[in-house]
Amino acid sequence: MKRKLLVAAVTAAVYFALFSWFHVSGTEIRYAKDISADCTVTVSVYGKEPTTGIGTGGWQETETHTLTAEQTEELKQLLLSSTFRRDFSDTLVWQSEEKEKRYDIFADFGDGQRVLSIHAAGNHHITITNQFAGHFLLVRNDGWEETLLAILA
């Protein structure tokens, strides 16, 4: 009886440890809670354009937005309320859609020490510079990209 209870406890602990490692809440993103109206937040949008340039993969910057205080707060809430799943791979491969966009989100806190740099690929995944050991975070929120586009509109 004690042995079964011990096995169940160890199994539960392993399960929760694995879940905790793979599941990433937006609140775990370093500096996301610190985003405020005092920050300078820019979002660059990239679209797939015909190109002959080597190394661009056809992605070219189409627009850049400097967010207002209200948009900055909405972006903060989007990041904090999002959930992600860690991925082991260093490279992700998927069939991108014709109208897919990519985004670079950059928050400068103005203190010369803290910045938050996020690259988002459509509604698929994000990467955050110097966080999560360089692993990709797969977006688990339906409509994440649509919410981001609504913030930028």
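See the structure above.
*Asks:* I would appreciate a short explanation of the overall build of the chain in the present structure.
*Replies:* Scanning the chain from terminus to terminus reveals three helices and eight strands. Beginning at the N terminus, the succession of helices and strands in the chain can be written as α-β-β-β-α-β-β-β-β-β-α. For the chain, with 153 residues in total, the buried portion stands at 35%. Sequence-distant contacts in the chain: of pairs separated by 6 or more residues, those separated by 24 or more amount to 60%. Surface accessibility of the chain: about 9600 Å² in total, with carbon and sulfur atoms responsible for 54%.

*Asks:* Would you mind showing me how to read the pattern of salt bridges here?
*Replies:* Oppositely charged side chains can form a pair if their charged atoms are brought close together. By the definition in use, this model includes two salt bridges. Asp34 is the salt-bridge partner of Arg114, the closest N and O atoms lying 3.0 Å from each other. With a gap of 80 residues between them, Arg114 in the loop between strand 5 (101-108) and strand 6 (115-121) and Asp34 in the loop between strand 1 (23-25) and strand 2 (40-48) connect regions that are remote in the sequence. Close ionic contact of Arg114 with Asp111 constitutes a salt bridge, the shortest N to O distance being 2.7 Å.

Rules used throughout
In this numbering scheme, every chain counts its residues from 1 along its sequence in written order. With the structure being a predicted model, the display of local features is reserved for residues of pLDDT at least 70 and the display and counting of side-chain atom pairs for 80 or more, all residues being used for whole-chain, interface and lining totals. To get the side-chain values, all heavy atoms of the structure are used, and hydrogens and water are removed first. Runs of E in the DSSP output that reach at least two residues are strands. Runs of H or I that reach at least four are helices, and both are numbered from the N terminus. Think of it in three bands: with a 1.4 Å probe and only protein chains considered, a residue is buried below 20% of the maximum accessible area for its type, exposed above 50%, and partly exposed in between. By definition, residues are in contact when any of their heavy atoms lie within 4.5 Å. Note that accessible areas follow from Shrake-Rupley with a 1.4 Å probe, and for residues the cover is restricted to the protein chains shown. Salt bridge criterion: a side-chain nitrogen from Lys or Arg within 4 Å of a carboxyl oxygen from Asp or Glu.

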